[in-house]
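Overview (structure and organization)
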Amino acid sequence: MPQQRDALTELVKAHVGRGRRMSTREFAVAAVDPQSGWAPSKSLVAKIIAGQGYDVTPHLVSAVAAGLGLDREIVAAAAHLQVIGYTDAELSGGAPAQLIRVIGAEEAPADKALEIAERWQHEA
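To start, this report covers the structure provided alongside it. (Residues numbered from 1 in each chain as written. Predicted model: local features only at pLDDT ≥ 70, side-chain atom pairs only at ≥ 80, totals over all residues. Heavy atoms only, no water.)

Notes on the nonpolar core
In terms of nonpolar packing, the biggest core is built from 28 residues, with L8, V16, F27, L60, V64, V75 and L99 touching the most fellow members. Apart from the residues lying within four places of it in its own chain, the contact partners of V75 are L8, L11, V61, V64, A65 and L70. (Core = buried A, V, L, I, M, F, W, Y, C linked by side-chain atoms within 4.5 Å. Buried < 20%, exposed > 50% of the residue type's maximum accessible area, 1.4 Å probe, protein only. Contact = heavy atoms within 4.5 Å.)

Some remarks on the environment of R72
Counting through the fold element by element, R72 comes out in helix α5 (residues 72-83). You can call R72 partly exposed: its relative accessible area is 38%. Among residues more than four places away in sequence, those in contact with R72 are P58, V61, S62 and A65. Of note is the side chain of R72, whose polar atom sits 2.6 Å from the side chain of S62. (Helix = DSSP H or I, 4+ residues; strand = E, 2+ residues; numbered from the N terminus. Polar contact = N/O pair within 3.5 Å; in protein donor to acceptor, adjacent residues only side chain to side chain.)

Quick notes on helix α3 (residues 42-50)
Buried residues of α3: L44, V45 and I48, and no others. The arc enclosing the buried residues of α3, seen along the axis, measures out at 100 degrees, which places them on a common side. Turned more than 90 degrees away from the buried face of α3 sit S43 and A50, all of them exposed. Phi turns positive, to about 75 degrees, at G51, one or two residues after α3. (Arc of directions from axis to C-beta.)

This is the structure in structure tokens:
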């Protein structure tokens, strides 16, 4: 059974907003898709932080990666987890497992990924 979580929202909320690493305004300036030049508006960033509905697009994924200084693959894994979900096996390696460490338990060894995913399932 696929596991889902609002991972892209959580990823942005962990770094952007009052009392975080960067303000909404700073993030909106830094979050620019390097290929297209597209950037989310401050109001879209505010919607993401507030956990309101928004469309996940390839441009948004690239812009968030640039804004947070993360590999696009990790941000794409967050988008995938939020929109589609992952099976337990998919969460055990690669970008999905790195994502789990970034938003769930930084510095956790890779074998902890399944434990974190199970905890998320129980919380959902």
